[in-house]
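Residue-level structure breakdown
Below, each chain spelled out in residue letters.
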Amino acid sequence: MAIKFNVLDIEYKGERTEHKIDDKSPSIVRDFNKCILCRRCVATCKNVQKIGAIDCIERGFESCISTTYDHSLNDVNCTFCGQCIESCPTGALHEKENINDVWAKLKDPDTYVVVQTAPSIRVALGEEFGMEIGTNVTGKMVSALKRLGFDKVFDTNTGADFTIMEEATEFVKRFKENDHLPMTTSCCPGWVRFAEMEYPENLPHLSSCKSPHQMFGAIIKSYYAEKNNIDPKNIYVVSVMPCIAKKYERQREEMKENGLWDVDSVITTRELARMIKQANIEFDKLEDETFDNPMGEATGAAAIFGVTGGVMEAALRTAYELITGEELKKLEFEDVRGTKGLKKATVQIGDKEIKVAVAHGLGNARKVMEDIKNGTADYSFVEVMACPGGCIMGGGQPIKNSKIRMTVDVAGKRAAAMYSIDERSTIRKSHENPILKQIYKEYLGNPGDHKAHELLHTHYTPMEEYRI
Amino acid sequence: MKTVEELNKIRAEKRIELDLRKNTKADTREKHILVCQGTGCTSSKSPQILENFKRIIKEKGIENVRVIKTGCFGLCAKGPIVIIRPEDTFYAMVTPDDCEEIIQSHIIEGKVVERLLCKDIDGTKVTRLDDLTFYKKQKRIALKNCGVINPEDIDEYIAFDGYRALARVLIEMTPDEVIETIDKSGLRGRGGAGFPTGKKWRATKDAKGDKKYVVCNADEGDPGAFMDRSILEGDPHAVLEAMEIAGFAVGAEKGYIYVRAEYPIAVQRLKIAIEQARNYGILGKNILGTDFNFDIEIRLGAGAFVCGEETALLESIEGRRGQPRVKPPYPAQSGLWGCPTLINNVETYANVAQIILKGADWYSSIGTATSKGTKVFALGGNVNNVGLVEVPMGTTLREIVFDIGGGIPNGREFKAAQTGGPSGGCIPKEHLDTPIDYESLKEIGSMMGSGGLIVMDDTKCMVCLAKFYLEFTVSESCGKCTPCRIGTKRMLEILEKLCSGEGTEYDIYRLEKLAVNIKKSSICGLGQSAPNPVISTLKYFREEFRQHAIEKECKTMECKALAKIEIDPDKCKACGLCQRNCPVNAIEGEGREVRHINQDKCIKCTTCIRACPFHAIG
């Protein structure tokens, strides 16, 4: 860029401000020595997400972007959605890198390193290698992961199928008992953190389900370990996520089973791309490969988890058949798709009308919370994703510059790729996933039963907004 | 108060009672002792003077004498000031101990206390305020009530035609007629930029919106400026009345006064004034029995200079960080909470009621072709009569500095005058005869600004002056846009380099280039005008910059690193005083030898210069 603008020399050298790097949080690092005070992060946080965790402090030459009383992002009302990172043009905001932890474990012969990839990674990873936005690179991604040296490459989509089984079951039960309705989804850790900080009184409305990668981690370290005679202590689960809040979620105390983390490390789409580049793998030339079995089998319902409305659609497909016992003919629920901030729909299931809502972006999530608080929520099931557009636009996804964001419908293209994966799937309902059926039968019992609850559910704790 | 008749009744009754304030031949046995309670006099114990007068009068059982607190008289250099009416005796630099003598001699015995009279420029003692040269060339419109009425008594304001303009507007005029009058008067914004006030009112009225606001900008922040402060302290009701008139004209029902918290007296008096006006039914619902509603709220600013910029001020009122918005849209279209908002400066408002009462033609007859009316200046720096002056537009700088201001003290030479604060520029000697109005000041590289006028004598270094103003803008920049945030800092660094003797000619070139770029690319008025002090000093005093850069010399010796102190051997009488006073023993020579300064040891403290009885050192 310097060459483009013919900046070959700095004519006006002088004092520079120095800032301490804030890397206290498990998700975000703020290095304001790189900041140019363009304030896109401030605008995103305040106007899009309606959080306002960061703004300008001090004045004049000393001004910088920071938090309330200049505390660490970790200790204020930041939800770790990471949208600020996506808007930052200079890299002053970035995820806390975990690449080196992963490299170290890959090199260790005694550790059985398992990787799982989130639904929305595969439609974005290619962008980091110059491919069209919205290119589905599932095969190349799996191939690259195998070349990086992971012992097993599994699909978080299988975890997503577990989530649907548990969540749909929980919803059907709560709907029948009219227990804390509306029930909201809980797969988004940014959203969970937001709710814990700002709406502690609404926490009973959250589904108790863990998010897909946590569920999947727990299954790997229990069922899979047992079945393959591996000591779970030697298993190291890496999740590749479109999200930086997942880095925070992973180390929450509730995400431990028998003293072992469900997931040991979370890296973002960008970090995975960096690893592939570090390994000098020519990504675009890779042959397609498939996920390892048996935990690589997933449904079309799970595939759309990463786009706004996707979790709702997947849950409805299963809930419909759970309630009515009949086969759902038309699988697409068009009303919950699309980019509208707060989508509402009425679904006829058997003799019951179920009203549902889908919110994406924390600004819209706040509306849902206010509705619940004021008792004006006229829906009984809500899907919430903290990032506008859902996980496909998560804070760990490839960064698109403002020009592209203005001229190209990035969310639309990535979403279309996800829906086409669903369409092409042979099994499109979570409860029909054969591997799930097998694990429930052999190990977990029925969805929502004691064992499943122990492994696949969690709980929430109210949190002070400012812990300073 | 429900009707105009009630207002007229108070005026008629009070006017007779207060006739002596303005009429030296008033037929009364009463005497009013007016004690200035402006900020300057207050800090020189004028509240104690007020108390002493009251106490002594009570102790002695004197009748028919009232002690009144007033706003600023203007001649702050001679404060605290006490005036006794109706005879209009002007006592300067009064101390609390003088009260006894004034009462005994002036009030009881009828003899003027000569000792406390004020000396005019020619050295003669002057008894009456109106006879002082300081006041002769002034014309008081905005300051008409300052020093005349008690600012904390609404009745006194009403007595001198207060709220009569409001009554006229509400009963006899349409909003369009009001705007027409203001427009025809030629009144322009007194905050600095000089935008035609009528046009602003018109734009706000024409803007679409259910809700509109009227805002008073009282965030006066230029170093050395205290015009708005004095108006608010001396005549707060004038601002309230004008805001109501403006509210009626543009269709607003709510007004905000944004005033800095550093003006406690002004805030206090505004609060009292608003309270009194509400109690009288002049503020609030159905004002004077009409269906016009208007209320005013005070918002305190925390003292950021940039909040004087109108859009930053609006941000601050809304409760956010004071940062300018990008214009357009202008506040008239989208201001407070996105509603059309009229925003004027205190002094602008202070002219409004009088324009309504005396007519647009009267107002436009004062001043120059493009700048009508008067302008208040806060005169400061190296000038004898530091204080507050109000002169018709078109008065020359020479008249203000030498006639009203009484010239330069200590027999020094006039070097330059600075107008417009950190946004303005320097006016050198050769432009002393420029008539002051918006256009002519702009033409010579300065600007009207809000009215700070700082006079500098020949001991002032112009590079240091530019540096001073840059220091100010650097610390007051909000940090929103890069040219102002980083550019002004770089300019300051170059100026510091020049002052410390490390500058080069190339630095002057860099400085100039940067100045032009910052002017062109900053978002708001603060940044766009921040380089002005540099540009104007470079324009008129380039040689001085060159001396700093090339000859490494600061003739005024303000830049310590560049000062060369030498002893003139022809003048030195070898008395040795300099030697004895030098703190670092840098002066060499013994007995009857002519002394000589060792430049390696000299720290340029200038003690020797002051110690030399023969003016041989410099």
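Keep in mind the model is a prediction, meaning the values are calculated, not measured.

1. Quick word on the overall build of chain A
A tally of regular secondary structure across chain A gives 16 helices and 14 strands. At 22 Å, chain A has a C-alpha radius of gyration in line with the 23 Å of a compact globule built from 468 residues. Dimensions of chain A, computed from C-alpha atoms along their principal axes, come out at roughly 75 × 55 × 45 Å.

2. Describing helix α11 (residues 236–250) of chain B
In an α-helix there are 3.6 residues to a turn, and that puts residues three or four apart on one side. All names here are of chain B. Over its 15 residues, α11 runs 22 Å from end to end, which matches the ideal 21 Å to within 8%, given 1.5 Å per residue. Among the 15 residues of α11, 15 are classified as buried, and the element is accordingly described as predominantly covered. Looking at the residues trailing α11, positive phi occurs at Gly-251, about 90°.

3. Quick notes on the interface of chain B and chain A
With 15 residues of chain B at the contact, the number on the chain A side is eleven residues. Among the secondary structure elements, those contributing two or more residues to the side of chain B that touches chain A are α18 (462–476), α19 (482–499) and α20 (505–521) of chain B. In terms of residue count, the dominant contributor to the side of chain B that touches chain A is α19 of chain B (five residues). The residue inventory of the side of chain B that touches chain A, partitioned by class, reads five nonpolar, three polar and seven charged.

4. Description of the domain arrangement of chain B
Residue and element names in this part refer to chain B. Structurally, chain B comprises domain 1 (17–131), domain 2 (161–364), domain 3 (374–457), domain 4 (462–551) and domain 5 (565–618). At the interface, ten residues of domain 2 touch eight residues of domain 4. Here the residues of the side of domain 2 that touches domain 4 sort into seven nonpolar, two polar and one charged.

5. Section: the packing of helix α7 (residues 164–172) of chain B against α11 of chain B
Residue and element names in this part refer to chain B. Contact geometry of α7 with α11 gives a least axis separation of 9 Å together with a crossing angle of 10°. By the angle between their axes, α7 is roughly parallel relative to α11. Two packed elements cross with a definite hand, and for α7 against α11 that hand is left-handed. Residue-level inspection shows Ala-165, Leu-166, Val-169 and Leu-170 of α7 in contact with α11, the latter providing Glu-241, Glu-244, Ile-245 and Phe-248. Here the contact of α7 with α11 is built from residues that sort into six nonpolar, no polar and two charged.

6. Some points on the sheet that holds strand β7 (residues 183–184) of chain A
All names here are of chain A. Reading across the sheet, the four strands line up as β7-β14-β13-β12 and stay open at both edges, with mixed pairing between neighbours. The open sheet has two edge strands with one neighbour each: β7 and β12 (342–349). Sheet topology note: the β12/strand β13 (residues 352–360) ladder contains eight bridges and is antiparallel. When the sheet's bridge partners are listed, Ile-349 is paired in β13 with Lys-352.

7. With respect to unusual backbone geometry
Note the cis peptide between Leu-181 of chain A and Pro-182 of chain A, where omega equals -5°. Of note, the bond from Gly-79 of chain B into Pro-80 of chain B is cis; its omega dihedral lies within 30 degrees of zero at -5°. Phi is positive for Leu-37 of chain A, close to 55°, though the residue is something other than glycine. Counting through the fold element by element, Leu-37 of chain A comes out in the loop between β1 (28–30) and α1 (40–48). Phi at Lys-552 of chain B takes a positive value of approximately 55°, unusual for a residue other than glycine.

8. Thoughts on the sheet that holds strand β8 (residues 254–260) of chain B
All names here are of chain B. Ordered by their spatial adjacency, four strands build an open sheet running β9-β8-β7-β10, and the pairing between neighbours is parallel. Of all the strands in the sheet, the pair left with one neighbour each is β9 (295–301) and β10 (341–345). Between one strand axis and the next, the sheet turns by 20° as a mean value, whatever way the strands run. Pairing of strand β7 (residues 213–218) with β8, which is carried by six bridges, proceeds in the parallel orientation. Paired with Asn-217 across the two strands is Tyr-258, which belongs to β8.

9. Details of helix α12 (residues 362–374) of chain A
Residues and elements named next belong to chain A. Here α12 is 13 residues long and its end C-alpha atoms lie 18 Å apart, about the 18 Å a rise of 1.5 Å per residue gives. Residues Leu-362, Asn-364, Ala-365, Val-368, Met-369 and Ile-372 constitute the buried set of α12. For α12, the buried positions fall inside an angular range of 155° around the axis, keeping them on one side. Buried positions along α12 lie against α6 (189–198), β12, β13 and β14 (381–385). After α12 finishes, the residue Gly-375 shows a positive phi value of roughly 70°.

10. Remarks on the pairing of strand β6 (residues 152–155) of chain A
All names here are of chain A. Burial of the side chains of β6 extends over both faces: Lys-152 and Phe-154 are buried on one face and Val-153 and Asp-155 on the other. Of the pairings in the sheet, the one linking strand β5 (residues 112–117) to β6 comprises four bridges and is parallel in character. Looking at the pairing, Val-115 lines up with Val-153 of β6. Assessed by its sense of winding, the connection that carries the chain from β5 through helix α4 (residues 138–148) to β6 is right-handed.

11. What about the domain arrangement of chain A?
All names here are of chain A. Under the domain assignment used here, chain A contains domain 1 (28–95), domain 2 (99–157 + 214–285) and domain 3 (164–210 + 300–404 + 425–453). Computed from C-alpha atoms alone, the centre-to-centre distance between domain 2 and domain 3 is 24 Å. The interface of domain 2 with domain 3 comprises 23 residues on the first partner and 17 residues on the second. Where the side of domain 2 that touches domain 3 is concerned, the elements lending two or more residues are α7 (212–227), α8 (245–250) and α9 (269–278).

12. Observations regarding the packing of α11 of chain B against helix α14 (residues 346–358) of chain B
All names here are of chain B. Remark: α11 packs on α14, axes separated minimally by 8 Å, with the N-to-C direction vectors making an angle of 75°. With respect to their mutual orientation, α11 and α14 come out roughly perpendicular. Contacts between α11 and α14 involve Ala-238, Val-239, Glu-241, Ala-242, Met-243 and Ile-245 on the former and, on the latter, Val-346, Tyr-349, Ala-350, Val-352, Ala-353 and Ile-356. Classifying every residue of the contact of α11 with α14 gives eleven nonpolar, no polar and one charged.

13. Examining the environment of Lys-285 of chain B
With respect to the element layout, Lys-285 of chain B can be found in the loop between α12 (264–279) and β9. Sequence-wise, Lys-285 of chain B and Glu-253 of chain B are 32 residues apart; in three dimensions their C-alpha atoms are separated by 9.3 Å.

14. Observations regarding the environment of Thr-482 of chain B
Tracing the backbone shows Thr-482 of chain B in helix α19. Distance from Thr-482 of chain B to Asn-581 of chain B, taken between C-alpha atoms, is 49 Å for residues 99 residues apart in sequence.

15. Details of the nonpolar core
One finds Val-82, Val-239, Ala-242 and Ile-245 of chain B to be the most contacted residues of the largest nonpolar core, which totals 193 residues. Considering every element that reaches this core, the biggest residue donor is α11 of chain B, with ten residues. When near neighbours in sequence (up to four residues on either side) are disregarded, Val-239 of chain B contacts Cys-216, Ile-231, Leu-232, Val-346, Tyr-349 and Ala-350 of chain B. Core analysis: the second largest hydrophobic core is formed by 123 residues, Leu-125, Met-183, Phe-381 and Leu-456 of chain A among them.

The rules behind these values
- The written sequence of each chain sets the order in which its residues are numbered from 1.
- Note on labels: chains are lettered from A, ligands numbered from 1, in written order.
- At least 70 in pLDDT is required for a residue's local features to be given in this predicted model, at least 80 for side-chain atom pairs to be given and counted, and no such filter applies to totals for whole chains, interfaces and linings, which use all residues.
- To qualify as a helix, a DSSP run of H or I must reach at least 4 residues; to qualify as a strand, a run of E must reach at least 2; elements of each kind are numbered from the N terminus.
- Computation of the radius of gyration draws on C-alpha atoms, with the globule rule given as 2.2 Å multiplied by the number of residues to the power 0.38.
- Multiplying one less than the number of residues by 1.5 Å gives the expected span of a helix.
- Exposure classification rests on a simple neighbour count of other C-beta atoms within 10 Å of a residue's own: a residue reaching 20 or more is buried, one at 12 or fewer is exposed, and one in between is partly exposed. C-beta atoms are placed from the backbone.
- Working definition of a contact: two residues with C-beta atoms, positioned from the backbone, lying within 7 Å.
- The residue classification treats Ala, Val, Leu, Ile, Met, Phe, Trp, Tyr, Cys and Pro as nonpolar and Asp, Glu, Lys and Arg as charged. All others, Gly included, are polar.
- Each domain's extent was defined by an automatic or database domain assignment.
- The convention used is that axes are lines fitted to C-alpha atoms, helices contributing only their stretch in contact, and that angles between N-to-C directions extend from 0 to 180 degrees.
- Oblique is the label for every angle not falling under 35 degrees (roughly parallel), over 145 degrees (roughly antiparallel), or within 65 to 115 degrees (roughly perpendicular).
- Each crossing gets its handedness from the near helix: less than a right angle anticlockwise from the far helix is left-handed, clockwise is right-handed.
- The criterion for strand pairing is that DSSP finds at least two bridges linking the strands in question.
- The directions from the helix axis to the C-beta atoms are what the arc is built from.
- Note on handedness: a clockwise path from strand one over the helix to strand two, with the strands aimed away from the viewer, defines a right-handed crossover.
- Any set of buried Ala, Val, Leu, Ile, Met, Phe, Trp, Tyr and Cys residues joined through C-beta atoms within 7 Å is what this text calls a nonpolar core.

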